[in-house]
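Here are the chains, one letter per residue:
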Amino acid sequence: MSRVLLKDVRPYGEGDPVDVLVEGTTIAEIGASLDVDADEIVQGGGAVVLPGFVDLHTHLREPGREDAETVETGSMAAALGGYTAVFAMANTDPVADNAVIVEHVWRRGREVGLVDVHPVGAVTVGLAGEKLAELGTMRHSAAEVRVFSDDGKCVHDPLLMRRALEYTRSFGGLVAQHAEEPRLTVGAQAHEGPNAARLGLSGWPAPAEESIVARDCLLAAHTGGTLHVCHVSTEGTAELLRFFKGRETGGSVSAEVTPHHLLLTDERLETYDPVNKVNPPLRTDADAIALRRALADGTVDCVATDHAPHAAQDKDCEWSAAKPGMLGLQTALGIVTQTMVRSGLLDWRGVARVLSERPAEIAGLSGQGRPIAVGEPANLALVDADAEWTVRGAELASLGQNSPFEGMRLPGRIVATLLRGTLTAHEGKVRR
Ligand SMILES: NC(=O)N[C@@H](CC(=O)O)C(=O)O
Ligand SMILES: [Zn+2]
Ligand SMILES: [Zn+2]
C-alpha cells in the first residue's frame, strides 16, 4: 500500500500543525510529528488542509469542442485547483442527453484519473426544451447520473420543469436550473442597468432570473422534487431563496454562486473586452455584496465555478459575437479566499462547507466532502493561505485562455491535491 505523509498541515486551518498519514486510499493517522516511513512526503509548511473541492458546474466541452477543453485538460485544471470531483455539464455537441454520451464522458474521466468526472444529463432532448430526455436510462447507466440540467438554456416550459422534478424525485435525482426567462433576455448582452445603457448593450434584467427561481421553488415544493439553482447572480434571487428555504415544504432547494459573481461587476464592461461576457451577466456591486452575505449565511449553499472555456476565435471578437463564459477551476479558491476569507465572512471550516461538503451532499456523493479524520477517504486539498500568485491565462491548464482574472494577484495557492490517497497535483504540477 502506498503511503503519503503530509507534514506540518492544519486541518481546517485550526490549531497547531500536525502530520497526516495517508495509507492506500484513506487517512490512516493524524498526529504531531509522526515518525513513519512514507513513499512520498509533502511539506505543508503550515498549509490548511481541506476536503477536496467538489464543483457542481463545470463545462469540459468534450465531445464536440475539444479545441476549447477536453476531459483531460479540464481534469488537469481541476486537480490544480484543488478539486477531487467535478460535474460536467451536458451542453456538449452532441448533447449529453442519453446513456451513450454520459457513459463516454464518465469513462474518459476514469481513464484520465485526476478527478472524479460526473456527467450531468440533459433534462430535455438536445436541450431543445420540448421533450424530456431519457432521465431514468441515464440514471441507471454506468455513469449513474443523478444531476440533470439543460444549463446554457433554461427549462422554461413550466410543465416540462414540473415533470422533470417529479420524475427525478422518483430515483433521488435533482434538476439544476439555469434560471433565465428567455422572453425577457432576447438579444441580451449585459446586466440591464445604467452601465449597459451607457455602453449601448441590450439588457439582461434581474427578473429574468428571479421569475424562474420563484416559479421553480414553487414547483419543487408542490412536487416534492429537488431543485438546484445554478449561478445565482442577483440580490433578488438571494432574497427569494431565503424566503423559500424558510418555508416548511415537501421539496428541497439548493443554490450555487460562481466566484466571478462574488468578485466582479458590470463596471468592467467599459472596455468591451468579451472576457467579461458571461451568462448570467456580471451584475452590480450591491448584488455581489448580497451574494457574499448569502453564501456566508448558507442561503446560497455553495460555490460552483461554471468553468466555461472557449476557443480564442469565440472570445477575440466583438462583444455581441463573443460566446459567454469564463475559466474558473484554477482561480476559484483564490477568489473565495479574497472575497470570503480575507473579508472575515468565512473561516476555513466555512470554506470546506461551500467548496466541498455542501456540493457533495447536494449531489449525493458519499466519498467526497468527508471529515478530515482517521478512516475517511483521502480526498484532500492543501492550501497555502498566505501565498499570493498572479493569474496568467496562458499558464492555466485549460485549452481556452478566457480568464477574467488575468493579471490579478490572488491569495490562496493550492500546494497539493489528493484523490483517494494519490497525489494528483503538487506544487503547481499535475501528477500522472
Ligand atoms: N456561463 C456561460 O456564460 N456559459 C456557459 C453556459 C452556462 O453556464 O449557462 C457555457 O457553456 O459556455
Ligand atoms: Zn448556465
Ligand atoms: Zn454553465
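Note that this is a predicted model, so its numbers are computed, not measured.

Trainee: Sorry if this is basic, but what is going on with helix α1 (residues 71-80) here?
Mentor: It helps to recall that an α-helix has 3.6 residues per turn; residues three or four apart then point in one direction. Of all ten residues in α1, ten are buried; the element is thus mostly enclosed. Listed in full, the buried residues belonging to α1 are V71, E72, T73, G74, S75, M76, A77, A78, A79 and L80. Just past α1, the residue G82 takes up positive phi, approximately 95 degrees.

Trainee: Can you walk me through the domain arrangement of the protein in this structure?
Mentor: Often the size quoted for an interface is simply the accessible area lost on bringing the parts together. Assigned domains within the protein: domain 1 (3-48 + 376-430) and domain 2 (53-363). Computed from C-alpha atoms alone, the centre-to-centre distance between domain 1 and domain 2 is 26 Å. Domain 1 puts 29 residues into the contact, and the matching count from domain 2 is 39 residues. Broken down by secondary-structure element, the contributors of at least two residues to the side of domain 1 that touches domain 2 are β15 (380-390), β16 (409-419) and β17 (422-426). At six residues, the largest contribution of residues to the side of domain 1 that touches domain 2 is made by β16. Taken together, the residues that form the side of domain 1 that touches domain 2 break down as 17 nonpolar, twelve polar and no charged.

Trainee: How should the sheet that holds strand β12 (residues 226-229) be read in this particular structure?
Mentor: To summarise the sheet geometry, strands pair through backbone hydrogen bonds and adopt either a parallel or an antiparallel arrangement. If you trace the five strands from one edge of the open sheet to the other, you get β8-β9-β12-β13-β14, paired in parallel fashion. Both outer strands of the open sheet, β8 (147-148) and β14 (302-303), are each paired with one neighbouring strand and no more. Summarising the sheet, β12 and strand β13 (residues 252-257) pair through four bridges and their orientation is parallel. Its bridge partner lying in β13, T226 is registered against S252. Packed onto the sheet, helix α4 (residues 158-170) meets β8, β9 (174-177) and β12 and runs at close to 140 degrees relative to β9.

Trainee: Before we go on, may I ask you to explain unusual backbone geometry in this structure?
Mentor: Backbone phi values are negative for most residues with the exception of glycine, while trans is the configuration of most peptide bonds. Between D93 and the following residue, P94, the backbone shows a cis peptide bond with an omega angle of 0 degrees. As for its placement among the helices and strands, P94 is situated in the loop between β6 (83-88) and α2 (99-112). With omega at -10 degrees, the peptide bond leading from N279 into P280 counts as cis. Examined against the element boundaries, P280 turns out to sit in the loop between α8 (259-263) and α9 (285-296). We note that R61 has phi near 65 degrees; this positive angle belongs to a residue other than glycine. Looking at R61, the number of C-beta atoms within 10 Å reads 28, which means it is buried. Positive phi, close to 55 degrees, is recorded for Y272, a residue that is not glycine. Among the structural elements, Y272 can be located in the loop between α8 and α9. Since 15 C-beta atoms lie within 10 Å of it, Y272 is described here as partly exposed.

Trainee: Just checking my understanding: could you explain the nonpolar core for this structure?
Mentor: One recurring pattern in soluble globular proteins is that nonpolar side chains are buried together. If you look at the biggest cluster of nonpolar residues, it comprises 126 residues, and the most contacted ones within it are V120, L291 and L382. No fewer than three residues from each of domain 1 (3-48 + 376-430) and domain 2 (53-363) sit in this core. Contact partners of V120, with chain neighbours within four places excluded, come to F87, A88, M89, A90, A96, V145, V147, F148, S149 and A176. Grouped together as the second largest cluster of nonpolar side chains are seven residues, A188, A196, L201 and A208 included.

Trainee: Which parts of the structure should I look at to understand the site of ligand 1?
Mentor: The environment of ligand 1 is made up of H59, N91, D151, G152, H178, V278, N279, D306, A308, K323, P324 and G325. Residue composition of the shell around ligand 1, grouped by class: three nonpolar, six polar and three charged.

Trainee: Can you help me understand the UniProt feature "binding site: Zn(2+) 2" (unreviewed entry) in the protein in this one?
Mentor: Using the residue numbers shown here, the UniProt feature "binding site: Zn(2+) 2" (unreviewed entry) corresponds to D151, H178 and H231. With the annotated positions falling across 81 residues, the maximum pairwise C-alpha distance of 10.0 Å places them together in a single cluster. Locating H178 in the fold gives a position in the loop between β9 and β10 (190-191). Discounting chain neighbours no more than four positions away, the residues touching H178 are S149, D150, D151, G152, K153, C154 and C230. Turning to its location among the elements, H231 is positioned in the loop between β12 and α7 (235-245). Filtering out sequence-adjacent residues up to four positions away, H231 remains in contact with E256, T258, H261, P280 and D306.

Trainee: Just checking my understanding: could you explain the sheet that holds strand β7 (residues 116-119) for this structure?
Mentor: Spatially, the three strands line up as an open sheet ordered β5-β6-β7, and their pairing is parallel. Across the chains shown, the open sheet's two edge strands, defined by having one partner strand only, are β5 (53-58) and β7. Direction aside, the axes of adjacent strands within the sheet are offset by 20 degrees on average. By the bridge criterion, four bridges tie β6 to β7 in an arrangement that is parallel. Residue pairing across strands places V86 opposite V117, the latter belonging to β7. Running over the sheet, α1 touches β5, β6 and β7 and is turned about 140 degrees from β6. Most of the contacts of α2 go to β7, to which it runs at about 175 degrees, and overall it touches β6 and β7.

Rules used in this analysis
- Residues numbered from 1 in each chain as written.
- Chains lettered and ligands numbered in written order.
- Predicted model: local features only at pLDDT ≥ 70, side-chain atom pairs only at ≥ 80, totals over all residues.
- Buried ≥ 20, exposed ≤ 12 C-beta atoms within 10 Å, placed from the backbone.
- Helix = DSSP H or I, 4+ residues; strand = E, 2+ residues; numbered from the N terminus.
- Domains from an automatic or database assignment.
- Contact = placed C-beta atoms within 7 Å.
- Nonpolar A, V, L, I, M, F, W, Y, C, P; charged D, E, K, R; others polar.
- Pairing = 2+ DSSP bridges.
- Axes fitted to C-alpha atoms, helices over the stretch in contact; angles between N-to-C directions.
- Core = buried A, V, L, I, M, F, W, Y, C linked by C-beta atoms within 7 Å.
- Near = placed C-beta within 6 Å.
- UniProt positions renumbered as here; feature names shortened; annotations may be inferred.

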